[in-house]
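# A look at the structure
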Amino acid sequence: MIILGIDPGLRTTGFGVIHKQGAKLRYIASGTIKSGEGSLPARLKVILDGVAEVARLYRPECAAIEQVFVNVNPQSTLLLGQARGAAICALVSAELSVAEYSPTQVKQAVVGTGRAVKAQVQDMVARLLSLPGLPGTDAADALGVAICHAHSRETLTLIAGAGQGTTTAARGPLAGLRMKNGRLVG
């Protein structure tokens, strides 16, 4: 399965594409979409078109995007949310399912702690994907989102199917569980 990860940003949006086969992850591509300077609508169009082009080029089967965290500056948070919205629109227009993960969930999946710093994410992404060097921070974050989804997707699929069937045994071991704040709860 090919997974596209997106780290949204108004100036720089990172993307990462990986292939998951069984438990093995393989690097396909990563990079950034730079929106430059100019009016907000023009910059959002660059993000929309750039993410759409990445989706057309690599033909992922699903996508994942990092959720917006609340900055000290509410205006920055709103602008980041608009960039994220442009990226999501491009993914949905490409008919991809889009999963969303918090920065903490991504760091936990990649590094093992939700309080990891960017350098730790870069290093672990390079190790997990056997890269010859460290990817840039935005590309590393996007690859981390894709890795997080690769690890989480199977569990989410089990949860979605847990409600099917008429008996608890027929519904499987995750019957009655759901996701709340990125954790399985009963």
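Residues numbered from 1 in each chain as written. Predicted model: local features only at pLDDT ≥ 70, side-chain atom pairs only at ≥ 80, totals over all residues. Heavy atoms only, no water.

Here the focus is helix α2 (residues 74-93). Counted at 1.5 Å a residue, the expected span for α2 with its 20 residues is 28 Å, and the 28 Å between its end C-alpha atoms agrees. Within the span of α2, buried status applies to Thr77, Leu80, Ala83, Arg84, Ala86, Ala87, Ala90 and Leu91. Taken together, the buried residues of α2 touch β1 (2-7), α1 (40-58), β4 (62-66) and β5 (98-101). After α2 finishes, the residue Glu95 shows a positive phi value of roughly 60°. (Helix = DSSP H or I, 4+ residues; strand = E, 2+ residues; numbered from the N terminus. Expected span 1.5 Å × (residues − 1). Buried < 20%, exposed > 50% of the residue type's maximum accessible area, 1.4 Å probe, protein only. Contact = heavy atoms within 4.5 Å.)

Let us now look at the UniProt feature "active site" (unreviewed entry) in the protein chain. Under the local residue numbering, the UniProt record ascribes the feature "active site" (unreviewed entry) to Asp7, Glu66 and Asp138. Maximum C-alpha separation among the annotated residues is 11.4 Å over a sequence range of 132 residues, consistent with a single clustered spot. Taken from the residues named earlier, the lining of the second largest pocket is made up of Asp7, Glu66 and Asp138. With respect to the helices, strands and loops of the structure, Glu66 is situated in strand β4. Structurally, Asp138 can be placed in helix α5 (residues 137-162). Judged by relative accessible area, Asp138 falls into the partly exposed class, the value being 23%. Not counting chain neighbours up to four residues away, the residues in contact with Asp138 comprise Asp7, Thr12, Gly14 and Thr32. (UniProt positions renumbered as here; feature names shortened; annotations may be inferred. 1 Å grid on protein atoms, 1.4 Å probe; cavity = no way out; pocket = protein on both sides within 12 Å on 5 of 7 lines; lining within 4 Å.)

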